[in-house]
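# Fold and geometry: a report
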Amino acid sequence: METDSLLSGSVNGASGDYGSGSDREHRGAPGSRQMSYSVAGESCSVEGDPGDEDLYIQQAVVFIEDAIQYRSINHRVDASSLRLYRWYYSRICQWGLGLTIAVVLLLAFVERPSSLSISSDPRHRSPAWEPPCGLTESIEMVCLVIFSLDLAVKSYLIGWEEFRKSKWLIGYTVVISVSIIDWMLSVSMVCDEKLRVRRLLRPFFLLQNSSLMKKTLKCIKRTLPEIASVILLLALHLCLFTMIGMLLFAKTEDPKKNDEWELHFRNLPNSLTSLLVLLTTANNPDVMIPAYSLNRGYSIFFVAFSVIGTYCLMNLLTAIIYNQFRGYLLMSVQTSIIRRRLGIRAAFQVLTCQGARQAAEEHVRVDAVLEVMSRVQMKRYYRAAITTEVRQNADVGFMDREQFTKIFDQLDKDRIKEHPPLPQYNSSVLQRLQMIFSHYYLTILGNAVALANVMCICTVLVLNSEKSTAERDNFIMEIINLCFILYYLFEMCVKIFAFGWRGYLSYRNNVFDGFLTILLLILQITIYVTYRLPYSQWDPASHGIMSLWEMIRLVNLLIVFRFLRIIPDIKLMALVASTLLDLVKNLRAFAGILVVVYYVFAVFGIWLFEGAIKPPPEMSVLSNTTMENITSNFSMECGTYEQLGYWPNNFDDFAAAIILLYDVMIVNNWQAFMDAYSRYTTDWSKIYFVCWWLTSSVMWVNLFVALILENFIYKWDRSYSCSVTDVERIRYETSVQLMFKEQIQEPTEEELLCQLHQHPHLHLHW
């Protein structure tokens, strides 16, 4: 299961992680404050034996870990099950399961048709290595066995009643069963089968293993009705203008006026395709040039279509997706917060049974809480902050429910990274130097020197752009780089002197800067040892592993890359860069769903179009007329698949299919692929490409834009009052929960108790 602090399943697990909570009724004396607790039929007592005491500690530890990771607490709570549960969620076990999922997905690159060739161009592609029958099948069976064990452990931990209510686990069972049956058929046919159904099912293993992806997928599903309404409006807009276009550009008696009809409006499918591509601006202005050359008034038709469709309806779709999905995402975050509060409340409830002195009052011992925190797997800075809060109640010896809940508010706070104090020097001269070298102006000077270095490299590249390697004066470039690298080394040394080693390494831009400086210094020493520089008489033909030009080119690349050090020193650039880093961390669920969509469409593409397009033999020696006589499908018209040389983009193997789908998602010249496969196969192939365009470019890209907007707005609001140095000094660990913190409504005590009463394995009576 995914353990990242982002989206998770429902509170009770209904179709989220494991299953929904039971709906049993709990009876007790009205208004009674006495609590009894039982596991496997044994009630909680004030004078518990040591075994019960340790069990309560274990349960509290697991509940707090569930709260930290936003996991459901609806699992078995006996001692052996808790040990199995913690082992299952251990880092090594989860990494092993993730590695298994990666291996089973990567098999598509090795299986037939194999992607293990240097080029995907069928004109000069060498035969790919094909694995022997049984190799990939054996690896796949090992993965399926691991998935079966994963299913068995999950099913045991939640119990049969919860398993029956979990659609994901039932689907997990079906997918594993179908995969094993298909695997047996494949082996029985000596790996000669044409269709492998299990390849299409493999992405399910990635989906079901991540509560982030399941919750995101559920949000996307709920957003579909609003998206469908706009897409329906787009379809109506497209059909209306298609009919108008067919009426405007109908065939006439004058052949000179039929270019628009012949190229773009010959029939209904051709007209729909032309305007659909125009909606993405991929064929603009090509689609209107024949008509526009006859009468400039025809441009009104195409401009009106683009303004309404591209600039109004498509942007309206982005706005609707942002608004609707943000609402559903907020609901998901609300569920995650309830899970955290419920886990903390459950931990308090079981600790009240552990050594309670007054059965009528709900108190937990401070030493018990400290013991629990020492066992909980969590980040060290959170453990230190919570432990400090707990020790403030050491004099009293007990903590009530509000105090216990409040200490875990540390989990909802940003982590602020404090830099170590500056080293202390006794000498007044050293103190003066430390003040100078730790000043912000030194960083500004370093940025100016780095800019000057990049400008020198740019100037030399412009002057030498027309010269060959032998004609270039690399000696001057080497001397210039040497001077700048010596300054970089000086800057790094004085910063280490001013801040100390720990202080210097506490700044991420210093780590980046220092690493590249050391790498540049090593390359410079290597050049000096190899070519005995500085001197101007050198032989460009004599070189060892790398020529002087190649080594200088590598140095120049690193210097240009080092210029990125200016990003943290410009506030807006720092915010943009920070937003991009947060996207990598917080949008892994979206990336995972995109991988699933790519995988499924690539498999379908291979099934439908593998080997559909074959280049004619010896194309370089054939004339255009001869090529057209080879096959009726071949076309060398301007802008076609063949004329543009798009031969490497095909569905002949999995890797090539992924790249082709990416090219279509970008929508630049995607009409060339759609036209080629419709000519070589059938016009119905356009449905495949349109579906991929709707899924990737319309749906996923707009969702991605919506999350980028939300993330950047959050970062901007948080850092609006910060200076440039504050942006560097403070590192925000932004999560989706923090983005919506102000809009989240905290659950009430009654809601938490209601959820605890519905726990299938933890029985509480009031």
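Residues numbered from 1 in each chain as written. Predicted model: local features only at pLDDT ≥ 70, side-chain atom pairs only at ≥ 80, totals over all residues. Heavy atoms only, no water.

Quick look at the overall build of the protein chain now. Of regular secondary structure, the protein chain possesses 31 helices and 5 strands. When each of the 766 residues of the protein chain is scored for burial, the buried share is 49%. For the protein chain, restricting intrachain contacts to residue pairs at least 6 apart in sequence, the fraction spanning at least 24 positions comes to 77%. Just so you have it, the protein chain exposes about 37,800 Å², and 63% of that area is on carbon and sulfur atoms. (Helix = DSSP H or I, 4+ residues; strand = E, 2+ residues; numbered from the N terminus. Buried < 20%, exposed > 50% of the residue type's maximum accessible area, 1.4 Å probe, protein only. Contact = heavy atoms within 4.5 Å. Areas by Shrake-Rupley, 256 points an atom, 1.4 Å probe, with all protein chains shown as cover.)

Where helix α9 (residues 211–248) contacts helix α11 (residues 268–279), the axes come no closer than 9 Å and their chain directions differ by 125°. Judged by the angle between their axes, α9 and α11 are oblique. Of the two possible hands of crossing, α9 and α11 adopt the one that is right-handed. Contacts between α9 and α11 involve Leu234, Leu238, Phe241, Thr242 and Met246 on the former and, on the latter, Leu268, Ser271, Leu272, Leu275, Leu276 and Leu279. (Axes fitted to C-alpha atoms, helices over the stretch in contact; angles between N-to-C directions. Parallel < 35°, antiparallel > 145°, perpendicular 65-115°, else oblique. Left-handed = near helix turned anticlockwise from the far one by under 90°.)

Let's shift gears to the pattern of salt bridges. On inspection of all chains with the given rule, the structure shows 24 salt bridges. Arg375 serves as the salt-bridge partner of Asp54, at 3.2 Å between the closest nitrogen and oxygen. Of this pair, Asp54 sits in helix α1 (residues 50–68) while Arg375 is found in helix α14 (residues 366–375), placing the two residues 321 residues apart along the sequence. A residue is classified by how much of its surface remains accessible, and Asp54, at 30% relative accessible area, is partly exposed. Two residues, Glu130 and Arg112, come together in a salt bridge whose shortest N-O distance is 3.9 Å. Remark: Arg112 occurs in the loop between α3 (91–106) and α4 (135–158) and Glu130 occurs in the loop between α3 and α4; sequence separation between them is 18 residues. Residue class for Arg112 comes out partly exposed when judged on its relative accessible area of 37%. Several salt bridges converge on common partners, so that one network encompasses Glu111, Glu137, Glu140, Asp182, Arg196, Arg198, Arg199 and Arg202. (Salt bridge = Lys/Arg side-chain N within 4 Å of Asp/Glu carboxyl O.)

Of note, Asn481 is situated in helix α19 (residues 474–505). On the basis of relative accessible area, Asn481 is assigned to the buried category, the value being 0%.

The terminal C-alpha atoms of helix α6 (residues 167–188) lie 32 Å apart, and with 22 residues this matches the ideal 32 Å at 1.5 Å per residue to within 8%. Taken as a whole, α6 has its buried residues at Trp168, Leu169, Tyr172, Val175, Ile176, Ser179, Asp182, Trp183 and Ser186. An end-on view of α6 places all buried positions within 150° of arc, on one side of the element. Along α6, the residues that are exposed and aim more than 90 degrees away from the buried face are Lys167, Ile181 and Ser188. In the stretch just after α6, Val190 is the one whose phi turns positive, near 55°. (Expected span 1.5 Å × (residues − 1). Arc of directions from axis to C-beta.)

Core analysis: the biggest nonpolar cluster contains 101 residues, and Phe147, Phe205, Phe302, Phe651, Trp670 and Phe689 have the highest contact counts within it. Here the element with the most residues in this core is helix α23 (residues 588–609); it accounts for 13 residues. Setting aside residues up to four positions removed in sequence, Phe689 forms contacts with Phe609, Phe651, Leu660, Val664, Trp670, Phe673, Met674 and Tyr677. Residues Ile68, Leu342, Ile344 and Ala368 belong to the second largest nonpolar core, which totals 36 residues. (Core = buried A, V, L, I, M, F, W, Y, C linked by side-chain atoms within 4.5 Å.)

To continue, consider the side chain of Arg71. With respect to the helices and strands, the residue Arg71 is situated in the loop between α1 and α2 (79–88). Residue classification places Arg71 among the buried residues on the basis of a relative accessible area of 6%. At 3.3 Å, the side chain of Arg71 and the side chain of Tyr85 are in polar contact. (Polar contact = N/O pair within 3.5 Å; in protein donor to acceptor, adjacent residues only side chain to side chain.)

This brings us to the confidence of the model for the protein chain. With 79% of its residues at a pLDDT of 70 or more, the protein chain has an overall mean of 79. Below pLDDT 50 for its whole length, residues 355–360 participates in 7 contacts with residues either more than four positions away or in separate chains. (pLDDT = per-residue confidence, 0-100.)

Turning next to the state of the cysteines. Think of a disulfide as a covalent bridge from one cysteine sulfur atom to another cysteine sulfur atom. A complete count under the given rule lists 1 disulfide for this structure. Disulfide pairing is shown between Cys133 and Cys191; the S-S distance is 2.0 Å. Given an S-S torsion of about 70°, the disulfide between Cys133 and Cys191 has right-handed geometry. Separated by 58 residues along the polypeptide, Cys133 in the loop between α3 and α4 and Cys191 in the loop between α6 and α7 (197–201) bring together distant segments of the chain. A relative accessible area of 4% places Cys191 in the buried class. With no disulfide of its own, Cys458 has Cys456 as its nearest cysteine by sulfur position, at a separation of 10.0 Å. Judged by its relative accessible area of 45%, Cys458 falls in the partly exposed class. (Disulfide = S-S within 2.5 Å.)

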